[in-house]
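Residue-level structure breakdown
Chain by chain, the residues:
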Amino acid sequence: MKAAKGSGKKRSMQSEEEVGYIMRVEAGQLVIYDPGYKCEVGKVKRINPYFENKAFVWYHTGDTAACTDMNDLYPIDVRFAREHADLFENRYALEHLINKKVEENENGK
């Protein structure tokens with residue numbers, strides 16, 4: 001499992017090896033982005049149709065979404081996000097991300 005920056009402790013989230021599969025995400029889900037050196041909350045805009053295991057994720061209040069490796073994404077619910085907002089470097093954007101709507105054409109529908 002990935003260690004928190006400077007903490008010397010392992011995070012409580014399970015790794016892929018521990019759960020035995022890669023956690024999949026869908027458009028519209030809140031996620032934690034944890035590449036091992038920071039922790040941010042995001043919302044999946046859409047799955048990248050051209051690259052396996054990549055998703056476009058919003059992390060801020062603007063409309064730009066970053067192409068992100070799904071191995072670093074962990075699905076969460078709104079309650080968890082609000083209760084643990086102090087974990088996220090971008091906590092200022094949390095309520096905006098919760099309320100952000102995914103357009104139907106972004107879902108591939």
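Quick note: structure is the one above.
Before going into details, it helps to say that this report is about the structure given with it. (Residues numbered from 1 in each chain as written. Predicted model: local features only at pLDDT ≥ 70, side-chain atom pairs only at ≥ 80, totals over all residues. Heavy atoms only, no water.)

1. Points about the nonpolar core
Within soluble globular proteins, side chains that are nonpolar generally end up buried alongside one another. Residues Ile76 and Phe88 are the most contacted members of the largest nonpolar core, which totals 16 residues. Looking at this core, the elements that each hand over two or more residues are strand S1 (30-33), strand S3 (54-58), strand S5 (73-76) and helix H3 (94-99). In terms of residues, this core owes the most to one element, H3, which gives 3 residues. Among all residues touching isoleucine 76, those that are not within four sequence positions of it are Leu30, Val31, Ile32, Val41, Ala81 and Phe88. Of all hydrophobic cores here, the second largest spans 9 residues; its members include Val25, Tyr33, Val44 and Val57. (Core = buried A, V, L, I, M, F, W, Y, C linked by side-chain atoms within 4.5 Å. Buried < 20%, exposed > 50% of the residue type's maximum accessible area, 1.4 Å probe, protein only. Helix = DSSP H or I, 4+ residues; strand = E, 2+ residues; numbered from the N terminus. Contact = heavy atoms within 4.5 Å.)

2. Focus on the sheet that holds S1
Read from one edge to the other, the open sheet built from 5 strands follows the order S4-S3-S2-S1-S5, with strand pairing classed as antiparallel. The open sheet has two edge strands with one neighbour each: strand S4 (66-69) and S5. Direction aside, neighbouring strands of the sheet carry axes that sit 50° apart on average. (Pairing = 2+ DSSP bridges. Axes fitted to C-alpha atoms, helices over the stretch in contact; angles between N-to-C directions.)

Just distances and angles here, no functional claims.
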